[in-house]
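The chain contents come next:
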Amino acid sequence: MKERLQELQTEAIEKVEKATTLTDLQDVRVAYLGKKGPITEVLRGMGKLSKEERPVIGELANKVREAIASALDAKKADMEKAELEKKLATETIDVTLPGRPIPVGGPHLLTSIVEEIEDLFIGMGFEIKEGPEVETDYYNFEALNLPKGHPARDMQDSFYITEELLLRTHTSPVQARTMKEYGGSKPVRMICPGKVYRRDTDDATHSHQFTQVEGLLIDKNVRMSDLKGVLNRFAKEMFGEEREIRLRPSFFPFTEPSVEMDISCKVCHGEGCSVCKRTGWIEILGAGMVHPNVLEMGGYDPNVYSGFAFGMGPERIAMLKYGVDDIRHFYTNDVRFLKQYHKV
Ligand code: FA5
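## Points about the overall build of the protein chain
Part 1 of the reasoning: Summing up its helical and strand segments, the protein chain has 12 helices and 10 strands in all.
Part 2 of the reasoning: On C-alpha atoms alone, the protein chain measures out to a radius of gyration of 43 Å, which is more than a quarter above the 20 Å that the 2.2 N^0.38 rule sets for 344 residues.
Part 3 of the reasoning: By its C-alpha atoms, the protein chain is 125 × 50 × 40 Å across when sized along the principal axes.
Part 4 of the reasoning: Of the roughly 19,300 Å² of accessible surface on the protein chain, 53% is carried by carbon and sulfur atoms.
Part 5 of the reasoning: Placing the 47 positive and 55 negative side-chain charges of the protein chain at their respective mean positions leaves the two points 6 Å apart.

Pasting the structure below:
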(Lines give C-alpha, C1' and ligand atoms only; values in the text may rest on other atoms or scores of the structure.)
Protein backbone atom coordinates (compact mmCIF):
# COMPACT_ATOMS: atom_id res chain seq x y z
CA MET A 1 0.00 0.00 0.00
CA LYS A 2 2.94 2.26 0.78
CA GLU A 3 4.29 1.81 -2.74
CA ARG A 4 0.86 2.51 -4.25
CA LEU A 5 0.68 5.81 -2.34
CA GLN A 6 4.23 6.82 -3.38
CA GLU A 7 3.35 6.01 -6.98
CA LEU A 8 0.19 8.11 -6.79
CA GLN A 9 2.18 11.06 -5.44
CA THR A 10 4.80 10.85 -8.22
CA GLU A 11 2.12 10.40 -10.87
CA ALA A 12 0.01 13.32 -9.64
CA ILE A 13 2.93 15.70 -9.29
CA GLU A 14 4.10 14.81 -12.80
CA LYS A 15 0.63 15.67 -14.11
CA VAL A 16 0.65 18.93 -12.18
CA GLU A 17 3.94 19.85 -13.78
CA LYS A 18 2.64 19.05 -17.24
CA ALA A 19 -0.60 21.01 -16.78
CA THR A 20 -0.79 24.09 -18.97
CA THR A 21 -4.19 25.52 -18.02
CA LEU A 22 -6.20 26.07 -14.87
CA THR A 23 -8.69 23.49 -16.15
CA ASP A 24 -5.92 20.87 -16.39
CA LEU A 25 -5.07 21.58 -12.76
CA GLN A 26 -8.66 21.27 -11.69
CA ASP A 27 -8.86 17.90 -13.47
CA VAL A 28 -5.80 16.67 -11.56
CA ARG A 29 -7.28 17.90 -8.30
CA VAL A 30 -10.55 16.04 -8.90
CA ALA A 31 -8.80 12.91 -10.17
CA TYR A 32 -6.41 12.52 -7.22
CA LEU A 33 -7.96 14.32 -4.28
CA GLY A 34 -11.67 13.96 -5.13
CA LYS A 35 -14.07 11.68 -3.21
CA LYS A 36 -13.81 9.03 -5.84
CA GLY A 37 -10.04 9.43 -6.23
CA PRO A 38 -7.39 6.71 -5.57
CA ILE A 39 -6.23 8.16 -2.25
CA THR A 40 -9.73 8.05 -0.81
CA GLU A 41 -9.90 4.50 -2.07
CA VAL A 42 -6.67 3.58 -0.27
CA LEU A 43 -8.01 5.10 2.93
CA ARG A 44 -11.23 3.17 2.58
CA GLY A 45 -9.31 -0.11 2.39
CA MET A 46 -7.48 0.61 5.65
CA GLY A 47 -9.98 -1.53 7.57
CA LYS A 48 -8.28 -4.58 6.22
CA LEU A 49 -4.87 -3.54 7.62
CA SER A 50 -3.35 -4.63 10.87
CA LYS A 51 -3.40 -2.37 13.93
CA GLU A 52 0.31 -1.53 13.51
CA GLU A 53 0.07 -0.72 9.83
CA ARG A 54 -3.03 1.45 10.05
CA PRO A 55 -1.48 4.64 11.61
CA VAL A 56 1.58 4.39 9.37
CA ILE A 57 -0.48 4.20 6.22
CA GLY A 58 -2.91 6.83 7.50
CA GLU A 59 -0.08 9.27 8.12
CA LEU A 60 1.50 8.56 4.75
CA ALA A 61 -1.82 8.99 2.95
CA ASN A 62 -2.24 12.42 4.56
CA LYS A 63 1.30 13.43 3.61
CA VAL A 64 0.70 12.36 0.00
CA ARG A 65 -2.57 14.27 -0.08
CA GLU A 66 -0.83 17.41 1.31
CA ALA A 67 2.08 17.10 -1.13
CA ILE A 68 -0.30 16.87 -4.10
CA ALA A 69 -2.44 19.76 -2.79
CA SER A 70 0.52 22.06 -2.26
CA ALA A 71 1.94 21.19 -5.71
CA LEU A 72 -1.46 22.08 -7.18
CA ASP A 73 -1.64 25.37 -5.21
CA ALA A 74 1.89 26.38 -6.15
CA LYS A 75 1.28 25.66 -9.84
CA LYS A 76 -2.03 27.53 -9.72
CA ALA A 77 -0.37 30.58 -8.15
CA ASP A 78 2.36 30.48 -10.84
CA MET A 79 -0.21 30.28 -13.59
CA GLU A 80 -2.26 33.16 -12.19
CA LYS A 81 0.85 35.29 -11.81
CA ALA A 82 1.89 34.57 -15.40
CA GLU A 83 -1.65 35.35 -16.57
CA LEU A 84 -1.64 38.68 -14.73
CA GLU A 85 1.77 39.63 -16.12
CA LYS A 86 0.56 38.83 -19.62
CA LYS A 87 -2.51 40.98 -19.08
CA LEU A 88 -0.47 43.88 -17.68
CA ALA A 89 1.90 43.70 -20.63
CA THR A 90 -0.93 43.86 -23.17
CA GLU A 91 -3.15 46.33 -21.32
CA THR A 92 -0.65 49.02 -20.37
CA ILE A 93 -2.12 52.49 -19.80
CA ASP A 94 -0.33 55.47 -21.26
CA VAL A 95 -0.64 57.93 -18.41
CA THR A 96 0.85 60.68 -20.57
CA LEU A 97 -2.15 60.66 -22.95
CA PRO A 98 -4.26 63.81 -22.60
CA GLY A 99 -7.55 63.20 -20.75
CA ARG A 100 -11.02 63.93 -22.09
CA PRO A 101 -11.96 67.39 -20.80
CA ILE A 102 -15.21 67.75 -18.85
CA PRO A 103 -17.00 70.94 -19.95
CA VAL A 104 -17.15 73.30 -17.01
CA GLY A 105 -19.77 76.02 -16.66
CA GLY A 106 -19.22 79.44 -15.18
CA PRO A 107 -21.13 82.43 -13.94
CA HIS A 108 -23.08 84.52 -16.46
CA LEU A 109 -21.27 87.76 -17.33
CA LEU A 110 -24.02 89.76 -15.61
CA THR A 111 -23.62 87.76 -12.41
CA SER A 112 -19.88 88.45 -12.47
CA ILE A 113 -20.39 92.17 -13.06
CA VAL A 114 -22.92 92.45 -10.23
CA GLU A 115 -20.50 90.61 -7.93
CA GLU A 116 -17.72 92.98 -8.98
CA ILE A 117 -19.94 95.99 -8.21
CA GLU A 118 -20.85 94.47 -4.85
CA ASP A 119 -17.19 93.90 -3.96
CA LEU A 120 -16.35 97.47 -4.85
CA PHE A 121 -19.07 98.96 -2.68
CA ILE A 122 -18.49 96.54 0.19
CA GLY A 123 -14.93 97.87 0.11
CA MET A 124 -16.37 101.36 0.64
CA GLY A 125 -18.41 100.22 3.64
CA PHE A 126 -21.80 99.62 1.96
CA GLU A 127 -24.03 96.68 2.91
CA ILE A 128 -26.11 94.59 0.45
CA LYS A 129 -29.91 94.77 0.58
CA GLU A 130 -32.69 93.02 -1.32
CA GLY A 131 -36.26 93.90 -2.19
CA PRO A 132 -39.26 92.27 -3.92
CA GLU A 133 -39.59 92.25 -7.73
CA VAL A 134 -43.38 92.41 -7.42
CA GLU A 135 -43.71 95.79 -5.73
CA THR A 136 -46.50 98.02 -4.46
CA ASP A 137 -47.33 101.26 -6.25
CA TYR A 138 -46.56 102.97 -2.95
CA TYR A 139 -42.90 101.88 -2.71
CA ASN A 140 -42.20 101.97 -6.45
CA PHE A 141 -43.59 105.49 -6.90
CA GLU A 142 -45.37 107.26 -4.05
CA ALA A 143 -42.69 106.90 -1.38
CA LEU A 144 -40.27 108.29 -3.96
CA ASN A 145 -42.13 111.56 -4.39
CA LEU A 146 -44.12 110.28 -7.38
CA PRO A 147 -47.79 110.54 -6.35
CA LYS A 148 -50.49 109.04 -8.56
CA GLY A 149 -50.93 111.07 -11.73
CA HIS A 150 -47.41 112.59 -11.53
CA PRO A 151 -46.21 113.17 -15.09
CA ALA A 152 -42.76 111.76 -14.30
CA ARG A 153 -44.32 108.29 -13.90
CA ASP A 154 -44.27 108.23 -17.71
CA MET A 155 -40.44 108.09 -17.57
CA GLN A 156 -40.78 104.44 -16.58
CA ASP A 157 -43.48 102.56 -18.51
CA SER A 158 -44.67 99.84 -16.16
CA PHE A 159 -46.06 96.32 -16.13
CA TYR A 160 -49.01 96.54 -13.74
CA ILE A 161 -50.46 93.40 -12.14
CA THR A 162 -53.31 95.13 -10.30
CA GLU A 163 -54.02 98.83 -9.61
CA GLU A 164 -51.68 98.66 -6.62
CA LEU A 165 -49.13 95.99 -7.65
CA LEU A 166 -46.57 96.08 -10.44
CA LEU A 167 -43.23 94.60 -11.51
CA ARG A 168 -40.81 97.12 -10.06
CA THR A 169 -39.48 99.54 -12.68
CA HIS A 170 -36.30 100.31 -10.76
CA THR A 171 -34.50 99.26 -7.57
CA SER A 172 -35.26 102.63 -5.91
CA PRO A 173 -38.19 101.21 -3.85
CA VAL A 174 -35.53 99.45 -1.78
CA GLN A 175 -34.35 102.95 -0.71
CA ALA A 176 -37.76 103.63 0.79
CA ARG A 177 -37.94 100.15 2.36
CA THR A 178 -34.48 100.52 3.94
CA MET A 179 -35.28 103.96 5.37
CA LYS A 180 -38.42 102.49 6.97
CA GLU A 181 -36.41 99.57 8.34
CA TYR A 182 -33.79 101.90 9.84
CA GLY A 183 -36.46 103.96 11.50
CA GLY A 184 -35.19 107.46 10.71
CA SER A 185 -32.40 107.50 13.25
CA LYS A 186 -29.54 105.32 11.99
CA PRO A 187 -27.21 106.29 9.10
CA VAL A 188 -27.71 104.18 5.94
CA ARG A 189 -25.05 102.89 3.55
CA MET A 190 -26.47 100.23 1.27
CA ILE A 191 -26.56 98.94 -2.27
CA CYS A 192 -29.29 96.75 -3.72
CA PRO A 193 -28.79 94.67 -6.89
CA GLY A 194 -31.80 93.13 -8.63
CA LYS A 195 -33.99 92.65 -11.68
CA VAL A 196 -36.32 95.39 -12.89
CA TYR A 197 -38.97 95.51 -15.64
CA ARG A 198 -40.15 98.22 -18.04
CA ARG A 199 -42.29 98.39 -21.10
CA ASP A 200 -39.26 99.58 -23.09
CA THR A 201 -38.83 98.50 -26.71
CA ASP A 202 -35.81 96.22 -26.97
CA ASP A 203 -32.87 97.61 -28.95
CA ALA A 204 -29.06 97.58 -28.70
CA THR A 205 -29.05 99.34 -25.30
CA HIS A 206 -32.57 98.76 -23.96
CA SER A 207 -34.22 95.63 -22.64
CA HIS A 208 -37.70 95.19 -21.14
CA GLN A 209 -36.10 93.26 -18.27
CA PHE A 210 -32.73 94.37 -17.00
CA THR A 211 -30.63 94.67 -13.87
CA GLN A 212 -30.05 97.65 -11.64
CA VAL A 213 -27.89 98.30 -8.61
CA GLU A 214 -29.32 100.93 -6.31
CA GLY A 215 -27.18 102.83 -3.84
CA LEU A 216 -28.24 104.91 -0.85
CA LEU A 217 -26.19 106.75 1.73
CA ILE A 218 -27.80 108.81 4.49
CA ASP A 219 -26.00 110.54 7.32
CA LYS A 220 -25.49 113.97 8.78
CA ASN A 221 -23.71 116.49 6.50
CA VAL A 222 -23.68 114.37 3.34
CA ARG A 223 -22.94 116.57 0.32
CA MET A 224 -22.97 116.42 -3.47
CA SER A 225 -19.15 116.20 -3.40
CA ASP A 226 -19.45 112.91 -1.43
CA LEU A 227 -21.65 111.51 -4.21
CA LYS A 228 -19.17 112.66 -6.84
CA GLY A 229 -16.28 111.13 -4.91
CA VAL A 230 -18.00 107.72 -4.56
CA LEU A 231 -19.10 107.62 -8.23
CA ASN A 232 -15.64 108.64 -9.41
CA ARG A 233 -13.97 105.95 -7.33
CA PHE A 234 -16.45 103.38 -8.64
CA ALA A 235 -15.93 104.39 -12.29
CA LYS A 236 -12.14 104.40 -12.07
CA GLU A 237 -12.05 101.00 -10.34
CA MET A 238 -14.51 99.50 -12.81
CA PHE A 239 -13.24 100.94 -16.08
CA GLY A 240 -9.66 101.99 -15.38
CA GLU A 241 -8.10 105.41 -14.87
CA GLU A 242 -8.00 106.19 -18.60
CA ARG A 243 -11.78 106.05 -19.23
CA GLU A 244 -13.57 109.38 -19.27
CA ILE A 245 -16.58 110.15 -17.09
CA ARG A 246 -19.08 112.99 -17.27
CA LEU A 247 -21.94 114.07 -15.03
CA ARG A 248 -24.92 115.73 -16.73
CA PRO A 249 -27.67 117.61 -14.94
CA SER A 250 -30.84 115.58 -15.02
CA PHE A 251 -34.20 115.14 -13.33
CA PHE A 252 -35.56 112.48 -11.00
CA PRO A 253 -38.49 113.27 -8.71
CA PHE A 254 -36.73 111.54 -5.81
CA THR A 255 -33.45 113.46 -5.98
CA GLU A 256 -32.62 117.16 -6.01
CA PRO A 257 -30.30 118.07 -7.64
CA SER A 258 -30.12 115.09 -10.02
CA VAL A 259 -27.43 113.96 -12.43
CA GLU A 260 -26.76 111.24 -14.94
CA MET A 261 -23.33 109.72 -15.36
CA ASP A 262 -21.92 108.82 -18.78
CA ILE A 263 -18.78 106.85 -19.64
CA SER A 264 -16.86 107.23 -22.88
CA CYS A 265 -17.75 104.45 -25.35
CA LYS A 266 -15.22 101.64 -25.57
CA VAL A 267 -16.63 100.21 -28.78
CA CYS A 268 -15.87 103.31 -30.91
CA HIS A 269 -13.48 105.21 -28.57
CA GLY A 270 -15.70 108.27 -28.68
CA GLU A 271 -16.06 108.43 -32.45
CA GLY A 272 -19.72 107.40 -32.46
CA CYS A 273 -21.33 104.00 -33.15
CA SER A 274 -24.69 102.24 -32.79
CA VAL A 275 -23.97 101.36 -29.15
CA CYS A 276 -23.49 104.98 -28.07
CA LYS A 277 -26.04 106.27 -30.59
CA ARG A 278 -23.25 108.23 -32.35
CA THR A 279 -22.57 110.38 -29.26
CA GLY A 280 -19.37 108.73 -28.01
CA TRP A 281 -20.92 108.36 -24.51
CA ILE A 282 -23.11 105.80 -22.77
CA GLU A 283 -25.31 106.61 -19.79
CA ILE A 284 -24.75 104.13 -16.99
CA LEU A 285 -26.50 105.62 -14.00
CA GLY A 286 -28.81 108.19 -12.55
CA ALA A 287 -28.06 109.81 -9.20
CA GLY A 288 -28.61 112.80 -6.97
CA MET A 289 -29.15 114.13 -3.46
CA VAL A 290 -32.12 112.43 -1.80
CA HIS A 291 -35.16 114.76 -2.05
CA PRO A 292 -36.26 116.13 1.36
CA ASN A 293 -39.79 114.76 0.75
CA VAL A 294 -38.34 111.24 0.31
CA LEU A 295 -36.29 111.56 3.49
CA GLU A 296 -39.35 112.73 5.36
CA MET A 297 -41.55 109.91 4.04
CA GLY A 298 -38.81 107.46 5.06
CA GLY A 299 -38.86 108.87 8.59
CA TYR A 300 -35.64 110.95 8.40
CA ASP A 301 -35.67 114.64 9.40
CA PRO A 302 -34.31 116.55 6.36
CA ASN A 303 -33.06 119.29 8.67
CA VAL A 304 -30.76 116.82 10.39
CA TYR A 305 -30.02 114.20 7.74
CA SER A 306 -29.05 114.41 4.09
CA GLY A 307 -28.06 111.72 1.63
CA PHE A 308 -27.33 110.69 -1.89
CA ALA A 309 -28.67 107.89 -4.06
CA PHE A 310 -27.83 106.33 -7.39
CA GLY A 311 -29.17 103.61 -9.68
CA MET A 312 -26.91 101.97 -12.23
CA GLY A 313 -27.41 99.48 -15.06
CA PRO A 314 -24.98 96.51 -14.90
CA GLU A 315 -25.79 95.49 -18.52
CA ARG A 316 -24.57 98.87 -19.76
CA ILE A 317 -21.54 98.62 -17.48
CA ALA A 318 -20.68 95.16 -18.85
CA MET A 319 -21.15 96.44 -22.42
CA LEU A 320 -18.77 99.30 -21.79
CA LYS A 321 -16.21 97.25 -19.95
CA TYR A 322 -16.03 94.41 -22.46
CA GLY A 323 -17.10 96.14 -25.67
CA VAL A 324 -20.34 94.13 -26.03
CA ASP A 325 -22.28 95.78 -28.85
CA ASP A 326 -25.83 94.63 -28.08
CA ILE A 327 -27.64 94.24 -24.74
CA ARG A 328 -29.70 91.36 -26.20
CA HIS A 329 -26.60 89.09 -26.08
CA PHE A 330 -27.10 88.87 -22.31
CA TYR A 331 -30.56 87.37 -22.70
CA THR A 332 -30.36 85.18 -25.79
CA ASN A 333 -27.90 82.96 -23.89
CA ASP A 334 -25.72 81.84 -26.79
CA VAL A 335 -23.09 79.76 -25.00
CA ARG A 336 -20.42 80.87 -27.52
CA PHE A 337 -20.94 84.44 -26.35
CA LEU A 338 -21.17 83.64 -22.63
CA LYS A 339 -18.14 81.32 -22.65
CA GLN A 340 -15.82 84.17 -23.58
CA TYR A 341 -16.35 85.67 -20.15
CA HIS A 342 -15.95 82.60 -17.97
CA LYS A 343 -13.16 83.10 -15.52
CA VAL A 344 -11.63 79.67 -14.94
C1 FA5 B 1 -33.72 105.14 -12.59
O2 FA5 B 1 -34.19 104.03 -12.74
C3 FA5 B 1 -33.54 105.74 -11.24
N4 FA5 B 1 -34.25 104.93 -10.28
C5 FA5 B 1 -32.08 105.83 -10.92
C6 FA5 B 1 -31.80 106.67 -9.74
C7 FA5 B 1 -31.66 106.09 -8.52
C8 FA5 B 1 -31.70 108.05 -9.86
C9 FA5 B 1 -31.42 106.86 -7.38
C10 FA5 B 1 -31.46 108.83 -8.77
C11 FA5 B 1 -31.33 108.22 -7.54
P12 FA5 B 1 -33.08 105.44 -15.10
O13 FA5 B 1 -34.42 105.18 -15.63
O14 FA5 B 1 -32.27 106.49 -15.77
O15 FA5 B 1 -33.15 105.83 -13.58
O16 FA5 B 1 -32.26 104.08 -15.08
C17 FA5 B 1 -31.00 103.95 -14.43
C18 FA5 B 1 -30.04 103.14 -15.27
O19 FA5 B 1 -30.62 101.89 -15.62
C20 FA5 B 1 -29.71 103.80 -16.59
O21 FA5 B 1 -28.64 104.71 -16.43
C22 FA5 B 1 -29.30 102.60 -17.42
O23 FA5 B 1 -27.97 102.23 -17.14
C24 FA5 B 1 -30.21 101.53 -16.94
N25 FA5 B 1 -31.39 101.36 -17.79
C26 FA5 B 1 -32.51 102.11 -17.85
N27 FA5 B 1 -33.38 101.62 -18.72
C28 FA5 B 1 -32.82 100.52 -19.25
C29 FA5 B 1 -33.23 99.52 -20.21
N30 FA5 B 1 -34.42 99.55 -20.76
N31 FA5 B 1 -32.37 98.52 -20.52
C32 FA5 B 1 -31.17 98.46 -19.90
N33 FA5 B 1 -30.73 99.33 -19.00
C34 FA5 B 1 -31.53 100.36 -18.66
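Now that the structure has been shown, the text picks up again.
## Brief notes about the pattern of salt bridges
Part 1 of the reasoning: Applying the stated criterion to the full structure yields 17 salt bridges.
Part 2 of the reasoning: Linking Asp137 and Lys148 is a salt bridge whose minimum nitrogen-to-oxygen distance equals 3.6 Å. Remark: Lys148 occurs in the loop between α6 (137-140) and β3 (159-160) and Asp137 occurs in helix α6; sequence separation between them is 11 residues.
Part 3 of the reasoning: Here Asp137 and Arg153 are joined by a salt bridge, their closest N and O atoms 2.9 Å apart. With Asp137 in helix α6 and Arg153 in the loop between α6 and β3, this residue pair connects regions lying 16 residues apart in the sequence.
Part 4 of the reasoning: According to the relative accessible area criterion, Arg153 is buried, its value standing at 12%.
Part 5 of the reasoning: Within the structure, one salt-bridge network assembled from shared partners comprises Asp137, Glu142, Lys148, Arg153 and Glu164.

## Digging into the sheet that holds β3
Two modes of strand pairing occur in sheets, parallel and antiparallel, and in both the strands are linked by backbone hydrogen bonds.
Part 1 of the reasoning: Pairing is antiparallel in the open sheet, where 3 strands are placed in the order β2-β4-β3. In this open sheet, the two strands that pair with only one neighbour each are β2 (134-136) and β3.

## What about the site of the ligand?
Part 1 of the reasoning: In the vicinity of the ligand there are 27 residues, among which His170, Ser172, Arg198, Asp200 and Glu283 approach most closely.
Part 2 of the reasoning: Glu283 has a polar side-chain atom sitting 2.6 Å from an oxygen atom of the ligand.
Part 3 of the reasoning: Considered on its own, the ligand offers 670 Å² of accessible surface; in the complex 96% of this is hidden by protein.
Part 4 of the reasoning: With respect to the pocket detection grid, the ligand is positioned in the largest pocket.
Part 5 of the reasoning: Of all the secondary structure elements, the ones that give two or more residues to the shell around the ligand are β6 (209-219), β8 (255-264), β9 (281-290) and β10 (306-312).
Part 6 of the reasoning: Here the element with the most residues in the shell around the ligand is β9; it accounts for 5 residues.

## A short note on helix α1 (residues 2-18)
What sets the pattern is the α-helix's 3.6 residues per turn: residues three or four places apart point alike.
Part 1 of the reasoning: Across its 17 residues, α1 extends 25 Å between first and last C-alpha, which sits within 8% of the 24 Å expected from 1.5 Å per residue.
Part 2 of the reasoning: For α1, the full list of buried residues reads Leu5, Leu8, Ala12 and Val16. All buried residues of α1 lie within an arc of 65 degrees about the axis, which places them on one face of the element. What points out from α1, more than 90 degrees from its buried face, is the exposed set Glu3, Glu17 and Lys18.
Part 3 of the reasoning: Along its buried surface, α1 packs onto α2 (22-33), α3 (38-44) and α4 (53-90).

## Observations regarding the layout of surface pockets
Part 1 of the reasoning: For the largest pocket, the calculated volume is near 680 Å³.
Part 2 of the reasoning: Lining the largest pocket are 37 residues, and of these Arg198, Gln212, Glu260, Glu283 and Arg316 lie nearest its centre.
Part 3 of the reasoning: Looking at the lining of the largest pocket, the elements with two or more residues in it are β6, β8, β9, β10 and α10 (314-322).
Part 4 of the reasoning: Looking at which element gives the most residues to the lining of the largest pocket, the answer is β9, with 8 residues.
Part 5 of the reasoning: By residue class, the composition of the lining of the largest pocket is 15 nonpolar, 14 polar and 8 charged.

## Comments concerning unusual backbone geometry
Comment: phi is negative for the bulk of residues other than glycine, and the bulk of peptide bonds are trans.
Part 1 of the reasoning: The omega torsion across Glu256 and Pro257 is -5 degrees, close enough to zero to call that bond cis.
Part 2 of the reasoning: Relative to the helices and strands, Pro257 resides in strand β8.
Part 3 of the reasoning: A positive phi angle, close to 70 degrees, is found at Asn145, a residue other than glycine.
Part 4 of the reasoning: Since its relative accessible area comes to 15%, Asn145 is described here as buried.
Part 5 of the reasoning: With a phi close to 55 degrees, Asn333 is a non-glycine residue in the positive phi region.
Part 6 of the reasoning: Among the structural elements, Asn333 can be located in the loop between α11 (329-332) and α12 (335-339).
Part 7 of the reasoning: Here Asn333 falls in the partly exposed class, since its relative accessible area comes to 44%.

Scoring rules and cut-offs
Residues numbered from 1 in each chain as written. Predicted model: local features only at pLDDT ≥ 70, side-chain atom pairs only at ≥ 80, totals over all residues. Heavy atoms only, no water. Helix = DSSP H or I, 4+ residues; strand = E, 2+ residues; numbered from the N terminus. Rg over C-alpha atoms; globule rule 2.2 N^0.38 Å. Areas by Shrake-Rupley, 256 points an atom, 1.4 Å probe, with all protein chains shown as cover. Lys, Arg positive; Asp, Glu negative; His and termini not counted. Charge placed at Lys NZ, Arg CZ, Asp CG, Glu CD. Salt bridge = Lys/Arg side-chain N within 4 Å of Asp/Glu carboxyl O. Buried < 20%, exposed > 50% of the residue type's maximum accessible area, 1.4 Å probe, protein only. Pairing = 2+ DSSP bridges. Near = heavy atom within 4 Å. Polar contact = N/O pair within 3.5 Å; in protein donor to acceptor, adjacent residues only side chain to side chain. 1 Å grid on protein atoms, 1.4 Å probe; cavity = no way out; pocket = protein on both sides within 12 Å on 5 of 7 lines; lining within 4 Å. Sits in = over half its atoms within 2 Å of the grid points. Expected span 1.5 Å × (residues − 1). Arc of directions from axis to C-beta. Contact = heavy atoms within 4.5 Å. Points joined across faces, edges and corners; volume = space filled by probe spheres on them. Nonpolar A, V, L, I, M, F, W, Y, C, P; charged D, E, K, R; others polar.

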